[in-house]
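Report on the structure
Each chain is listed here by its residues.
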Amino acid sequence: MSLLSKSVHEIHNGLKKGEFSARELTQASIDRIQAVDQEVQAFLHLDEEGAVQRAEEIDKQIAAGKQLSMLTAIPMGIKDNICTKDLFTTCGSQILANYKAIYNATVIEKLDKVGANLIGKTNMDEFAMGSSTENSSFFPTKNPWDLKRVPGGSSGGSAAAVAAGEVCFALGSDTGGSIRQPASFCGVVGLKPTYGRVSRFGLVAFASSLDQIGPLTNTVDDAAVILEAIQGYDDRDNTSATIAPTSYRDSLTGDIKGLRVGVPKEMMGSGIDETVREQIKGALTQLEKMGAVIDEVSLPHSQYAVATYYLIAPAEASSNLARFDGVRYGVRREGIDLIDLYHETRSQGFGDEVKRRVMLGTYALSSGYYDAYYRKAQQARTLISQDFEAIFADYDVVIGPTAPTTAFALGEQIDDPLTMYINDVCTIPVNLAGLPAISLPCGMANGLPVGLQIIGKAFDEATILRVAHAYEQESASIGKPVIGGVSA
Amino acid sequence: MSISKEEVQHVAKLARLTLTPEETTSFTQQLNQILDYAEALKELDTDGVKPMSHPMPEHNRMREDQVIPSIERELALANAPEQEEGMFKVPPVFKG
């Protein structure tokens, strides 16, 4: 097993006991990337030199007797839409192919402070628009469980890097499922925190009322560790919540007796693959044995969630992506005048999916259509959010599948935007309501991982982590993928 | 409601995009497919429902009106495709 496939806690202990140095730990990550990333293609850019330097510095500090924090020297991957000072931050787009961030995102500052070691930037669908990482304008990432299949998206590079044992954890961003769906496809844990729990300062904005940064990890405990490290109010992000930071690891007790679980019938219907449904039912039976009380509930407006999302998110994106005009940063394409320069820069710099969504959003916001599309979608969003409120009056968590299928084949859906959008049917309602949710492996179907989604009340990550952790302890591990004959 | 090729070209222009004839055809077809799907919202009774623009209760956060440091000019220009005398340089805006 790759050293990087162990939990943060195990690696931390190994480092503390001197079983390996920070330098050796970093080298294990670099070696694993050298061995498998030509096939997996999870990384867009590596910072080997910087990573080795930081590791050597940490080893000196360890020798001098410095106390280690839980994340000291832990190798991490960062999605390429999160700003990392002096390193490429391309968002998977040609329009930012030459862009190096001039500051660190708040989450990077926080992880830096506790000593986590940035190994590289991970691949993604361009500007986080997609569910397969095939919309990266550089190359598609492959699913470590089956290299002919997609890793999911848009944080497909982050999910694949963790699943392949290349790094111990990664950060992703989740606007409509972009952490949870790839976590599900790649058999790792993915957590989308409550909107506002984690600062978005330094996250290149896609849809500002939906975007949230979160971790992709090997274990639920690791997700709790990372969330503790990155959470908190930030005066540079006016949408970050002023709520006090929480200690999540204390709530991982393994005890879920009396837990009230609502299972929306809309998430267990005919739109969900039979094989996926079977694994989810198995997980629910397991939770029941552990003392949870499970009822069928309803999210009556969830059938409108995908349509709602695909009006609201593109509308916000069309505004957010207006900044990419070839004037202040990015790749400029010359024009005969300024307007022409904008047109050339954007037409050559953006890929098809980005153009599609920018136009869809521009249309939904344009005069004459604003009320029919954008305002109507905002009203539907209220109703979808109220559906959850009604359930959470009686239940602690809502549980269902993360995605309606397991990982699909590369190229299978790329020419059909609408089919691709339906991948997010179980994850989108959560973003619209701003709630926290976690995806964790719950068995295999036809040799591919299935993800269980646990949704919580706003700012109640503690409960979803407790339930996920308890389930993880009691269920059989799905193991690790084998790449080139070597297990991750 | 369906979107015509002319409307797609108009929207592209608003978004500062230039489309080839082939792109106009395929985007028109795809946008119509997506908008048809969104038509389902029409059947939803939203009379009196407040539009939701944000997951958190909305309020403005004001800070003290003080001068605080921001990005240094050199750093702000670090990624500029073209610059001159400490400013971003662009082609002519007005025809002369």
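Quick notes on the rules
Residues numbered from 1 in each chain as written. Chains lettered and ligands numbered in written order. Predicted model: local features only at pLDDT ≥ 70, side-chain atom pairs only at ≥ 80, totals over all residues. Heavy atoms only, no water. Helix = DSSP H or I, 4+ residues; strand = E, 2+ residues; numbered from the N terminus. Rg over C-alpha atoms; globule rule 2.2 N^0.38 Å. Buried < 20%, exposed > 50% of the residue type's maximum accessible area, 1.4 Å probe, protein only. Axes fitted to C-alpha atoms, helices over the stretch in contact; angles between N-to-C directions. Parallel < 35°, antiparallel > 145°, perpendicular 65-115°, else oblique. Left-handed = near helix turned anticlockwise from the far one by under 90°. Contact = heavy atoms within 4.5 Å. Nonpolar A, V, L, I, M, F, W, Y, C, P; charged D, E, K, R; others polar. Buried area = accessible area lost by both parts, 1.4 Å probe. Salt bridge = Lys/Arg side-chain N within 4 Å of Asp/Glu carboxyl O. Polar contact = N/O pair within 3.5 Å; in protein donor to acceptor, adjacent residues only side chain to side chain. Phe/Tyr/Trp six-rings, centres within 6.5 Å; stacked < 30°, edge-to-face > 60°. UniProt positions renumbered as here; feature names shortened; annotations may be inferred. Right-handed = clockwise from strand over helix to strand, strands pointing away. Pairing = 2+ DSSP bridges. Expected span 1.5 Å × (residues − 1).

Below, the discussion takes up the overall build of chain A. Helix and strand counts for chain A stand at 15 helices and 13 strands. The C-alpha atoms of chain A give a radius of gyration of 21 Å, which matches the 23 Å a tight globule of 488 residues would have. Once the C-alpha set of chain A is aligned to its principal axes, its extents read approximately 65 × 55 × 45 Å. Expressed as a percentage of its 488 residues, the buried residues of chain A come to 67%.

Attention now moves to the packing of helix α9 (residues 305-320) of chain A against helix α12 (residues 370-392) of chain A. Residue and element names in this part refer to chain A. The N-to-C vectors of α9 and α12 enclose an angle of 125°; their axes lie 9 Å apart at closest approach. Between α9 and α12, the angle falls in the class oblique. Where α9 crosses over α12, the two elements pack in a sense that is left-handed. Across the interface between the two elements, Ala305, Thr308, Leu311, Ile312, Ala315 and Glu316 of α9 pack against Tyr373, Tyr374, Ala377, Gln378, Ala380, Arg381 and Ile384 of α12. A breakdown of the residues in the contact of α9 with α12 according to their chemical character gives nine nonpolar, two polar and two charged.

With 54 residues of chain B in contact, the opposing surface of chain A contributes 67 residues. Here chain B and chain A share an interface that buries about 5400 Å² over both sides, 67% of which is from carbon and sulfur atoms. Counting the contacts that link chain B with chain A gives two salt bridges. Between chain B and chain A we count 23 residue pairs in polar contact (both at pLDDT 80 or more) in total.

Moving on: the packing of aromatic side chains. Residue and element names in this part refer to chain A. The full count for this structure, using the stated rule, is 13 aromatic pairs over all chains. For the pair Phe127 and Phe324, a centre-to-centre distance of 4.9 Å together with 45° between the ring planes defines the contact as tilted. Of this pair, Phe127 sits in the loop between β3 (117-122) and α5 (156-163) while Phe324 sits in the loop between α9 and α10 (338-349), placing them 197 residues apart in sequence. On the basis of relative accessible area, Phe127 is assigned to the buried category, the value being 3%. Geometrically, the ring pair formed by Tyr309 and Tyr310 is edge-to-face, given 4.9 Å between the ring centres and 75° between the ring planes. For Tyr309, a relative accessible area of 3% translates into the label buried.

Here the focus is the UniProt feature "active site" (unreviewed entry) in chain A. Residues and elements named next belong to chain A. According to UniProt, the positions carrying the feature "active site" (unreviewed entry) are Lys79, Ser154 and Ser178. In sequence the annotated residues extend across 100 residues, while in space they remain close, none of their C-alpha pairs exceeding 10.9 Å. Following the sequence through the fold, Lys79 ends up in strand β2 (residues 75-79). A residue is classified by how much of its surface remains accessible, and Lys79, at 0% relative accessible area, is buried.

Attention shifts here to the environment of Thr463(A). Residues and elements named next belong to chain A. With respect to the helices, strands and loops of the structure, Thr463 is situated in helix α15 (residues 461-474). A relative accessible area of 12% places Thr463 in the buried class. Between the alpha carbons of Thr463 and Lys110 there is a distance of 24 Å; along the sequence they are 353 residues apart. Residues in contact with Thr463, not counting those within four places in the same chain, are Leu259, Asp396 and Val397. Engagement of the side chain of Thr463 in a polar contact is seen with the side chain of Asp460, the distance being 2.8 Å.

As recorded in UniProt, the sites labelled "domain: Amidase" (unreviewed entry) are residues 24-465 of chain A. End-to-end, the C-alpha atoms of residues 24-465 of chain A are 31 Å apart, and along that stretch the chain is 37% helix and 14% strand.

Our next topic: the pairing of β2(A). Residues and elements named next belong to chain A. Along β2, five of the five residues are buried, which leaves the element largely enclosed by surrounding structure. Of the two faces of β2, both are covered, the one formed by Pro75, Gly77 and Lys79 as well as the one formed by Met76 and Ile78. One crossover worth recording links β2 to the parallel β3 by way of helix α4 (residues 106-113), and it is right-handed. The sheet contact formed by β2 and strand β4 (residues 169-173) spans three bridges and is parallel. Looking across to β4, one finds that Met76 is bridged to Phe169.

What follows covers unusual backbone geometry. That bond from Gly153(A) to Ser154(A) is cis: its omega, 10°, falls within 30 degrees of zero. On the secondary structure map, Ser154(A) appears in the loop between β3 and α5. Residue Arg16(B) is not a glycine yet carries a positive backbone phi of 55°. Note on placement: Arg16(B) falls in the loop between α1 (5-14) and α2 (21-38). The exposure class of Arg16(B) is partly exposed, given its relative accessible area of 29%. The phi torsion at Glu85(B) lies on the positive side, around 50°, for a residue other than glycine. Within the secondary structure, Glu85(B) is located in the loop between β1 (83-84) and β2 (87-88). On the basis of relative accessible area, Glu85(B) is assigned to the exposed category, the value being 68%.

Bringing the pattern of salt bridges into the picture now. Scanning the entire structure with this criterion turns up 22 salt bridges over all chains. The closest approach of N and O atoms between Glu278(A) and Lys281(A), which form a salt bridge, is 4.0 Å. With Glu278(A) and Lys281(A) both in helix α8 (residues 274-289) and three residues apart, the pair spans about one turn of that helix. The partner of Lys89(B) in a salt bridge is Glu84(B), and the shortest N-O contact between them spans 3.0 Å.

All names here are of chain A. Taking strand neighbours across the sheet as the criterion, the 11 strands line up as β1-β3-β2-β4-β6-β5-β10-β11-β9-β7-β8 in an open arrangement whose pairing is mixed. Each edge of the sheet is formed by a strand with only one pairing partner; in this case those strands are β1 (43-46) and β8 (293-297). If you compare each strand with its neighbour and ignore which way they point, the axes differ by 30° on average. Of the strands in this sheet, β4, β5 (189-192), β6 (213-217) and β10 (437-445) touch helix α7 (residues 220-230), which is tilted by about 150° from β6.

Compared with the 16 Å implied by 1.5 Å per residue over 12 residues, the 16 Å span of α10(A) between its first and last C-alpha is a close match. Turning to α10(A), its buried residues are Leu338(A), Leu341(A), Tyr342(A), His343(A), Thr345(A), Arg346(A), Ser347(A) and Gly349(A). Along its buried surface, α10(A) packs onto α11 (352-365) of chain A together with α1 of chain B. Two or three places before Ile339(A), at the start of α10(A), stands the capping residue Asp337(A), its side-chain oxygen 3.4 Å from that residue's backbone nitrogen.

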